[in-house]
Amino acid sequence: MNESLQIAHFTQADWPEIAEIYKEGIATGIATFETVVPFWETWDASHHKSCRLKAVSAHKIVGWAALSPTSKREVYKGVAEVSIYITSTYRNLGIGALLLSKLIEESEAVGFWTLQAGIFSNNQASIKLHKSLGFREIGYREKIGKLNDIWYDNTILERRSKTIL
């Protein structure tokens, strides 16, 4: 992995690069049920303002991770869903593990006690990444969504903080 890799927070100014990486994820067909990248305003409104991280190498954003709420109910304020995307030319270099580790660390610092992920069951690389950082498989949703006229299962994983009791 490139030693000059840096993890930092991202803002609206970074959205064009973030959106391109998101678009690559959409194109894989196993990263999200989304079929188009939303406008910044839509994405921004649906994600927590904290815990928005980018991986930067040679002044270029090569990956990102963020959290979205799982519920509007007060009792679930410390539960969030993980999104993580790495640009195609930087996959399998440990960037996902670094980003997800930093996301976990920051999420606990701001009070999240549970992180969850719904991952396409055939996206074994993402499932393996999450499990390597303490997520446990809690089940799956059979044929939860259709993409390009094909039904997909989602594997559900969660990570309970060991520091927020």
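Refer to the structure above for everything that follows.
In short, a report on the structure.

Cut-offs applied
Residues numbered from 1 in each chain as written. Predicted model: local features only at pLDDT ≥ 70, side-chain atom pairs only at ≥ 80, totals over all residues. Heavy atoms only, no water. Helix = DSSP H or I, 4+ residues; strand = E, 2+ residues; numbered from the N terminus. Rg over C-alpha atoms; globule rule 2.2 N^0.38 Å. Buried < 20%, exposed > 50% of the residue type's maximum accessible area, 1.4 Å probe, protein only. Contact = heavy atoms within 4.5 Å. Areas by Shrake-Rupley, 256 points an atom, 1.4 Å probe, with all protein chains shown as cover. Lys, Arg positive; Asp, Glu negative; His and termini not counted. Charge placed at Lys NZ, Arg CZ, Asp CG, Glu CD. Core = buried A, V, L, I, M, F, W, Y, C linked by side-chain atoms within 4.5 Å.

1. Let's talk about the overall build of the chain
Move 1: Across its full length, the chain holds four helices and seven strands.
Move 2: Along the chain, helices (α) and strands (β) appear in the sequence β-α-α-β-β-β-α-β-α-β-β when read from the amino end.
Move 3: Taken over C-alpha atoms, the radius of gyration comes to 15 Å for the chain, in line with the 15 Å a tight globule of 165 residues would show.
Move 4: Taking the principal axes of the C-alpha coordinates as reference, the chain spans close to 40 × 40 × 30 Å.
Move 5: Evaluated residue by residue, the chain yields a buried proportion of 44% over its 165 residues.
Move 6: When contacts within the chain are restricted to residue pairs at least 6 apart in sequence, those whose partners lie at least 24 apart make up 63%.
Move 7: Carbon and sulfur atoms form 51% of the exposed surface of the chain, whose accessible area is close to 9,400 Å².
Move 8: Charged side chains in the chain number 19 positive and 18 negative. The centres of these two groups are separated by 5 Å.

2. Concerning the environment of Cys51
Move 1: Of note, Cys51 is situated in the loop between helix H2 (40-45) and strand E2 (53-57).
Move 2: Exposure remark for Cys51: the relative accessible area of 0% places this residue in the buried category.
Move 3: In this structure, the C-alpha to C-alpha distance between Cys51 and Ser68, residues 17 residues apart in sequence, is 9.3 Å.
Move 4: Residues in contact with Cys51, not counting those within four places in the same chain, are Ala65, Ala66, Leu67, Leu103, Glu106, Ser107, Val110 and Phe112.

3. Considerations on the nonpolar core
Move 1: Counting 24 residues, the largest nonpolar core has Leu67, Val82, Leu99, Leu100, Leu103 and Leu115 as the members making the most contacts within it.
Move 2: Going through the elements one at a time, E2, strand E3 (60-69), strand E4 (79-86), helix H3 (95-109), strand E5 (114-120) and helix H4 (124-132) are the ones with two or more residues in this core.
Move 3: Counting residues per element, this core draws most heavily on H3, at five residues.
Move 4: If you look at the next biggest cluster of nonpolar residues, it comprises 14 residues, including Ile21, Trp40, Val56 and Ile61.

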